[in-house]
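Architecture at a glance
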Amino acid sequence: MGSDCNNTNNMTSTLSSNNHDHHIHAVLFPFMAKGHTIPLLHLAHVLLNRHVTVTFLTTPANRPFIAQSLSGTSAAILELPFPENMPGVPAGVEGTDALPSVSMPVLHTFVLGTQLMKPDLDRALENIQPPVSFMVSDGFLWWTLDSASKLGFPRLVSYGMSHYSMAVFHSLFNGKTSALHEQEQDDNNMETETGTGVPDFPWIKLARNEFFPRVKNDEEESIALEFQSKTIEASSNSFGIIFNSFYELEPVFVDYWNRKVGPKSWPVGPLCLHAMPSNSTKTESRADDVHQWLDEKIEKGSSSVLYVAFGSQATVSSEQLREIAKGLVDSNVNFLWVVRKSQAEECIKFFEGFENRVKNRGMVVRGWVDQMEILNHKSVKGFLSHCGWNSVMESISAGVPILAWPMGAEQPLNAKMVAEEMKVGLRVKSCDGSLNGVVKSEEVSTMVKELMEGEKGKEVRKNVEEIAVMGHKAVEEGGSSWEALDSLLKEACKMQMQ
């Protein structure tokens, strides 16, 4: 497989010319979750802007979301059938947002079951034209490494996480998945072989509940270990890892990863800054209502709005919903609260009554929104967020400070990075100090007011605006992320030539 990159001069012109013949062909394959899919959709736009041929792999039920994002582009979308009769997964469910639960055993079973797609992937890759230059597949889809290796093109990994969280993970456990379960649980401190804290980063102090959840039984532990060992081994043997980040944001952790861990890091973000504007017609009147409502806040001289959203996966208890609502009311700030459609339907009376109470000062949106558009609206001055990495990067890129409320996965590490490393946000605390404890209305109100009006809020706002400028420069021609992508394309093409 070398006909598309005959020599170095031809390769260089492929990357730099605006009129070349699409000599590089990238295949992108995300895990079936919105948080994993969005960065690869943004990456697709990045590659298309560099005149790379892009094929995006997905499943039938996930295609509409993909197609909307890639509408009007030259990207091809290729469907792979989703496995039928997967244990624990209802018929017709092809993504984590539709799973009955995202608890560890259900999620890991879902992830492990995706390997049943491999025969269809192999057939698709063998027949794709032009031949594939490289693949970027989700870290959860470890089995795609074998497919790429058999056909002789490099596989890059996307986890949708920061260098910070992955470096901390490696430092604590040194790549040994068994250590996650061998160490004793301690709700106050993460005890490591060097004492309290993270061995390679002694200034980072972690509570146990800021990291991974406990396994409840031997069966859960077995599933978790199988999942972790497969993904770690496949990642270690891949060509590199694509990071939705930029060097200036976390240089210590980028350098650590490349020096001590590997495979090579390619920080090419913020990917959201590359993405083309949405081509959707916004047929839902509610979407238009959102922007009209935000515009009115500027027109009426009341332009400071808090955006509240906890991602597409988090489930908020009815008790916690009431505490959030009361806290937002007591804070006396303007707010736009986005709620998962399924949760809004479950609590329809609550939200209807709440909207009547807040009227023009607050708005509740049920379902999917274009988060980047909202964060970049002039009226939005703060983001109450679960700290999924996509949300963190989008908020930073928009210069909007974060009120961090992590709810699972690596979000506590992201929240720690937001508040302690980058200093672009503040933290909320639950009443018992645990990750899953209830955050009382008084805490919500106090921290919302501090972010939006307090001295600490002013400080983190200044910091995030400075980092936003750095992020925009990183993706411009000659910036660190621009150069990283350029280097990646050249190296991947060299591998294809061998």
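Residues numbered from 1 in each chain as written. Predicted model: local features only at pLDDT ≥ 70, side-chain atom pairs only at ≥ 80, totals over all residues. Heavy atoms only, no water.

Some points on the pairing of strand 11 (residues 334-339)
Operational definition: Burial classes follow relative accessibility: with a 1.4 Å probe on protein chains only, a residue under 20% of its type's maximum area counts as buried, one over 50% as exposed, and anything between as partly exposed. By definition, any uninterrupted DSSP run of H or I lasting at least four residues is a helix, any uninterrupted run of E lasting at least two residues is a strand, and each is numbered from the N terminus. Note on handedness: a clockwise path from strand one over the helix to strand two, with the strands aimed away from the viewer, defines a right-handed crossover. In this analysis, strands are considered paired if DSSP registers two or more bridges between them.
Within strand 11, six of the six residues are buried, leaving the element largely enclosed by the surrounding structure. Assessed by its sense of winding, the connection that carries the chain from strand 10 (residues 305-309) through helix 12 (residues 318-331) to strand 11 is right-handed. Where strand 11 lies against strand 12 (residues 362-366), five bridges are found, and the strand directions are parallel. Its bridge partner lying in strand 12, Leu336 is registered against Met363.

Side note on the side chain of Asn244
Here is the rule we go by: Note on contacts: a residue pair is in contact if any heavy atoms of the two residues lie within 4.5 Å.
Position of Asn244 relative to the elements: it lies in the loop between strand 8 (240-243) and helix 10 (251-261). We classify Asn244 as buried; its relative accessible area is 6%. The contact partners of Asn244, leaving out residues within four places of it in the chain, are Pro39, Gly269, Pro270, Leu271, Trp389, Asn390 and Met393.

Quick look at the packing of aromatic side chains
Stated precisely, the cut-off is as follows: Between the rings of Phe, Tyr and Trp (Trp by its six-membered ring), a pair exists once the centres lie within 6.5 Å; its type follows the angle of the planes, with under 30 degrees stacked, over 60 edge-to-face, and the other angles tilted. By definition here, charges over rings are those cases where NZ of Lys or CZ of Arg is within 6 Å of the ring centre and within 35 degrees of the ring normal.
Per the stated rule, a full pass over the model turns up 16 aromatic pairs. Consider the rings of Tyr164 and Phe253, whose centres lie 5.0 Å apart with planes at 70°: the pair is edge-to-face. Highlighted residues: Tyr164 in helix 7 (residues 163-173) and Phe253 in helix 10, separated in sequence by 89 residues. Following the ring pairs from residue to residue traces out a cluster consisting of Phe31, Phe82, Phe110, Phe140 and Phe227. Lying over the aromatic face of Phe65, Lys34 brings its terminal NZ or CZ to 4.8 Å of the ring centre. Over the ring of Trp482 we find Arg50, and its NZ or CZ is 3.6 Å from the ring centre.

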